[in-house]
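Summary of the model geometry
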Amino acid sequence: MGHRPLQYDFGGNSVVVERFVSNLRRKIDHGRAPLLHTVRGVGYSLRQPAVR
């Protein structure tokens, strides 16, 4: 999400990050299993869906 990852002391507006992630999810997850997952208390994780 930019040139450097966000630090734990990120002082920005969380609404901006949530909106960006929402838009990203809409683009990459459209019509398939989700790739972007929320990890509570940590951030986000990008994982491939399990192969069945």
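The paragraphs below set out a description of the structure included in this document. (Residues numbered from 1 in each chain as written. Predicted model: local features only at pLDDT ≥ 70, side-chain atom pairs only at ≥ 80, totals over all residues. Heavy atoms only, no water.)

1. Looking at the side chain of Asp-29
Tracing the backbone shows Asp-29 in the loop between α1 (14-28) and β1 (36-39). Of the side chains with opposite charge, Arg-25 lies nearest to the buried Asp-29, which makes no salt bridge, at 4.8 Å. One polar contact links the side chain of Asp-29 to the main-chain amide nitrogen of Leu-35, over a distance of 2.8 Å. With residues up to four places along the chain from it excluded, the contact list for Asp-29 reads Pro-34, Leu-35 and Leu-36. (Helix = DSSP H or I, 4+ residues; strand = E, 2+ residues; numbered from the N terminus. Buried < 20%, exposed > 50% of the residue type's maximum accessible area, 1.4 Å probe, protein only. Lys, Arg positive; Asp, Glu negative; His and termini not counted. Salt bridge = Lys/Arg side-chain N within 4 Å of Asp/Glu carboxyl O. Polar contact = N/O pair within 3.5 Å; in protein donor to acceptor, adjacent residues only side chain to side chain. Contact = heavy atoms within 4.5 Å.)

2. Describing the pairing of β1
Across four bridges, β1 lies against strand β2 (residues 43-46) in antiparallel orientation. Residue pairing for β2: His-37 is matched across the bridge by Ser-45. The loop that links β1 with its antiparallel partner β2 comprises three residues; one of these, Gly-41, has a positive phi angle of about 80°. (Pairing = 2+ DSSP bridges.)

3. Details of the environment of Gly-43
Of note, Gly-43 is situated in strand β2. On the accessibility criterion, Gly-43 (22% relative accessible area) is partly exposed. Those residues within four positions of Gly-43 in sequence are excluded, and the remaining contacts are His-37 and Thr-38.

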